[in-house]
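# Structural overview
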Amino acid sequence: DVVMTQSPVSLPVSLGQPASISCRSNQSLVYSDGHTYLNWFQQRSGQSPRRLIHKVSNRDSGVPDRFSGSGSGTDFTLKISRVQAEDVGVYYCMQGTHWPRTFGQGTKVEIK
Amino acid sequence: EVQLVESGGGLVKPGGSLRLSCAASGFTFSSYTMNWVRQAPGKGLEWVSSISASGTYKYYADSVKGRFTISRDSAKNSLYLQMNSLRADDTALYFCARSDILTARFGMDLWGQGTTVTVSS
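Calculation rules
Residues numbered from 1 in each chain as written. Chains lettered and ligands numbered in written order. Predicted model: local features only at pLDDT ≥ 70, side-chain atom pairs only at ≥ 80, totals over all residues. Heavy atoms only, no water. Helix = DSSP H or I, 4+ residues; strand = E, 2+ residues; numbered from the N terminus. Rg over C-alpha atoms; globule rule 2.2 N^0.38 Å. Core = buried A, V, L, I, M, F, W, Y, C linked by side-chain atoms within 4.5 Å. Buried < 20%, exposed > 50% of the residue type's maximum accessible area, 1.4 Å probe, protein only. Contact = heavy atoms within 4.5 Å. Pairing = 2+ DSSP bridges. Axes fitted to C-alpha atoms, helices over the stretch in contact; angles between N-to-C directions. Disulfide = S-S within 2.5 Å. Buried area = accessible area lost by both parts, 1.4 Å probe. Salt bridge = Lys/Arg side-chain N within 4 Å of Asp/Glu carboxyl O. Polar contact = N/O pair within 3.5 Å; in protein donor to acceptor, adjacent residues only side chain to side chain. Nonpolar A, V, L, I, M, F, W, Y, C, P; charged D, E, K, R; others polar.

When helices and strands are tallied, chain A shows zero helices and 11 strands. Counting from the amino terminus, helix and strand elements in chain A follow one another as β-β-β-β-β-β-β-β-β-β-β. Relative to a compact globule of 112 residues, whose C-alpha radius of gyration would be 13 Å, chain A shows 13 Å and is just as compact. Oriented by its inertia axes, the alpha-carbon framework of chain A measures out at about 40 × 25 × 25 Å.

Turning next to the nonpolar core. By size, the foremost hydrophobic cluster in this structure holds 39 residues, and its most contacted members are F103 of chain A together with W36, L79, L81, M83, Y94 and W111 of chain B. Ranked by residues supplied to this core, first place goes to strand β9 (residues 92–99) of chain B with five residues. Apart from residues lying up to four places away in sequence, Y94 of chain B is in contact with E6, L20, W36, V37, R38, V48, F68, L81, M83, G114, T115 and V117 of chain B. Ranked by size, the runner-up nonpolar core spans 22 residues in total, among them L11, L38, V63 and C93 of chain A.

To continue, consider the sheet that holds strand β3 (residues 18–25) of chain B. All names here are of chain B. Read across the open sheet, the four strands follow the order β1-β3-β8-β7; overall the sheet is antiparallel. The open sheet is flanked by β1 (3–7) and β7 (68–73), the only strands paired with a single partner. Between one strand axis and the next, the sheet turns by 15° as a mean value, whatever way the strands run. In terms of strand pairing, β7 meets strand β8 (residues 78–83) through six bridges, oriented antiparallel. Bridged to D73 within β8 is S78.

All names here are of chain A. Judged by pairing direction, the sheet is antiparallel, and its four strands sit side by side in the order β1-β3-β8-β7 without closing on themselves. Both edges of this open sheet fall to β1 (4–7) and β7 (67–72), since each of them pairs with a single strand only. Sheet twist, expressed as the mean angle between neighbouring strand axes with direction ignored, is 20°. In this sheet, strand β3 (residues 19–25) lies alongside β1 in antiparallel orientation, the contact comprising four bridges. Residue pairing for β3: S7 is matched across the bridge by S22.

This structure, assessed with the given rule, holds two disulfides over all chains. Between the sulfur of C23 of chain A and that of C93 of chain A lies a disulfide, 2.1 Å long from S to S. Sign of the S-S torsion, about 80° for the bond between C23 of chain A and C93 of chain A, identifies this disulfide as right-handed. With C23 of chain A in strand β3 and C93 of chain A in strand β9 (residues 89–95), the pair connects residues that are 70 residues apart, well separated along the chain. Residue C93 of chain A is classed as buried on the basis of its relative accessible area, which comes to 0%. A sulfur-sulfur separation of 2.1 Å characterises the disulfide bridge that pairs C22 of chain B with C96 of chain B. One quick way to see it: the torsion about the S-S bond of C22 of chain B and C96 of chain B is about -70°, and its sign makes the bridge left-handed.

Listed per partner, the contact involves 22 residues of chain B and 20 residues of chain A. Overall, the association of chain B and chain A removes approximately 1800 Å² of surface from exposure, summing both partners, and the carbon and sulfur fraction of that is 59%. Counting the surface chain B buries against chain A, the share from its top three residues, L45, R105 and F106 of chain B, is 43%. The interface formed by chain B and chain A contains one salt bridge. Among the salt bridges present, the one from D100 of chain B reaches R51 of chain A, with a minimum N-O distance of 2.9 Å. One can count nine residue pairs in polar contact (both at pLDDT 80 or more) joining chain B with chain A. It is strand β5 (residues 45–51) of chain B that provides the largest number of residues to the side of chain B that touches chain A, a total of four residues. Of the residues that constitute the side of chain B that touches chain A, the class distribution is nine nonpolar, seven polar and six charged.

Next comes the structure, spelled out in structure tokens:
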């Protein structure tokens, strides 16, 4: 199985400051069609997960443009340009290239 | 309204069985791959199972293979998860989730609120 490793586990950030979450896989996430299927989800406390970004860098409808995704191969990053109070929660990466699908262990973003 | 509503969770003894249901509404259910994802108390997300739009292809996490069965009924716009031989480590909030219409590789773009399964004697 593909192991997804996120860092840091916890990320205290001051309001208005940038935040960066790393996600690494132990196998390449490039599929046979040439595309890379790495997705990001946000889960606020007591809520269901919500997809933010799919296929590395494509923001979902309604997701603020302060969220951006980047990376390739086995190394990916989610960035929040200026953290807002509503961004508090746990962020997960998930690979869609291989079966079984696997999630990272999560990164908890909190306000410092 | 586009939504997924899970039901069927509860308290069950180790070795017991439970059948989860997910009622879909507001979209063409038969066009989408569907999934079950679970979250143990205080833990992260774990993908459990997926079923293709036609129901032909089914995939399972190793942790549930041979014990859980995913199915769907497009006439009823419903997704199911039959869980047998339940263990304590199956205790979790179980989410029903819809895959992206373009490709399931884009992950899940719609999630239900979840139904809680507790396995305990």
